[in-house]
Amino acid sequence: MSLAVTRARVKEKCGVTGTDHDAAIDNLIAETVPAIEYAIRPESLAATGDVGLQATLNLGATEIVGGEFLAQRVRREGALDVTLVGDLAVRPFGARNPADPYGLAAQGRARLAPYLKADTKEVAVGGVFAAPLEDEAVALG
């Protein structure tokens, strides 16, 4: 069985309405879901009679796709601009971890971790993280 990740569920997870982002979400589903399927043990994907397992796999994959979509939104030019008001620096929420600004992808990876092939666990579960510049670490903390 293949995973079922739909645009509607990704949009719901990400709080997106309207159709402005449909193409980007569709592209992410087409690009990401086959890689996620590859990382999952075949016996887990094939256990179609286990409705709970299939729901868990689909939810984890949906969260990963949604997390990547939100990360793409944060990487837009200007999305992480800082506003200075005197000594106060106001940074967008996603600035802490632009690779997974809301933790949705990490949540999906954690959900899928027990079902991954041994040789893909590091690639599928690990993420790429960003850190603030050294002189900004104090301001962010």
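Presented here is a report on the structure given in the accompanying data block. Just so it is clear, the structure is predicted and the values come from calculations on it, not from any experiment.

Reading the values: rules and limits
Residues numbered from 1 in each chain as written. Predicted model: local features only at pLDDT ≥ 70, side-chain atom pairs only at ≥ 80, totals over all residues. Heavy atoms only, no water. Core = buried A, V, L, I, M, F, W, Y, C linked by side-chain atoms within 4.5 Å. Buried < 20%, exposed > 50% of the residue type's maximum accessible area, 1.4 Å probe, protein only. Helix = DSSP H or I, 4+ residues; strand = E, 2+ residues; numbered from the N terminus. Contact = heavy atoms within 4.5 Å. Phe/Tyr/Trp six-rings, centres within 6.5 Å; stacked < 30°, edge-to-face > 60°. Lys NZ or Arg CZ within 6 Å of the ring centre and 35° of its normal. Expected span 1.5 Å × (residues − 1). Bend = angle between axes of the 7 residues up to and from the residue. Axes fitted to C-alpha atoms, helices over the stretch in contact; angles between N-to-C directions. Left-handed = near helix turned anticlockwise from the far one by under 90°. Nonpolar A, V, L, I, M, F, W, Y, C, P; charged D, E, K, R; others polar. Salt bridge = Lys/Arg side-chain N within 4 Å of Asp/Glu carboxyl O. Parallel < 35°, antiparallel > 145°, perpendicular 65-115°, else oblique.

Another point: the nonpolar core. Counting 23 residues, the largest nonpolar core has L3 and I40 as its most contacted members. When residues of this core are traced back to their parent elements, those giving at least two are α1 (7–14), α2 (22–39), α4 (51–74) and α5 (104–112). Examining the composition of this core, we find that seven residues originate from one element, α4, more than from any other. Excluding anything up to four places from it in sequence, I40 contacts L3, L45, L57, L112, Y115, L116 and K117.

Summed over all chains, the structure comprises zero aromatic pairs. A cation over a ring is seen here: K117 above Y38, with NZ or CZ 3.9 Å from the ring centre.

A separate point is α2. The end-to-end C-alpha distance of α2 is 26 Å, a good match for the 26 Å that 18 residues give at a rise of 1.5 Å each. At T32, α2 shows its strongest bend, of approximately 30 degrees, with the proline P34 following within four residues. Listed in full, the buried residues belonging to α2 are D22, I25, L28, I29, T32, V33, I36, E37 and A39.

This part covers the packing of α1 against α4. In contact at an axis separation of 9 Å, α1 and α4 are set at 60 degrees when each is read in the N-to-C sense. As for how α1 packs across α4, the hand of that crossing is right-handed. For the pair α1 and α4, contact is made by R9, V10, K13 and C14 and by L59, T62, E63, V65, G66, F69 and L70, respectively. Of the residues assigned to the contact of α1 with α4, the class counts are six nonpolar, two polar and three charged.

This part takes up the pattern of salt bridges. As a working rule, side chains carrying opposite charge can pair if their charged atoms are close by. Evaluated as defined, the whole model comprises six salt bridges. Across the salt bridge formed by E12 and R9, the nearest N and O atoms sit 3.0 Å from each other. Taken together, the residues E12 and R9, both in helix α1 and three residues apart, mark about one turn of the helix. Taking relative accessible area as the criterion, E12 reaches 55% and is therefore assigned exposed. Relative accessible area serves as the criterion here: at 34%, R9 is assigned to the partly exposed category. The closest approach of N and O atoms between K11 and D22, which form a salt bridge, is 2.9 Å. Residue K11 is found in helix α1, and its partner D22 is found in helix α2; the two are separated by eleven residues along the sequence. You'll find K11 and D22 in the same group, each marked buried. One salt-bridge network, in which partners are shared between bridges, spans R7, K11, D22 and D26.

Look at α4 against α5: their axes get within 7 Å of each other, and the N-to-C directions meet at 155 degrees. Here α4 is positioned roughly antiparallel relative to α5, judged by the angle of their axes. For the crossing formed where α4 meets α5, the hand is left-handed. Contacts from T56, L57, L59, G60, A61, E63, I64, G66, G67 and L70 in α4 reach L104, A105, Q107, G108, R109, R111 and L112 in α5.

All right, on to the environment of R109 then. By the secondary structure assignment, R109 is in helix α5. The spacing of R109 and A61 is 48 residues in sequence and 8.0 Å in space, taken between C-alpha atoms.

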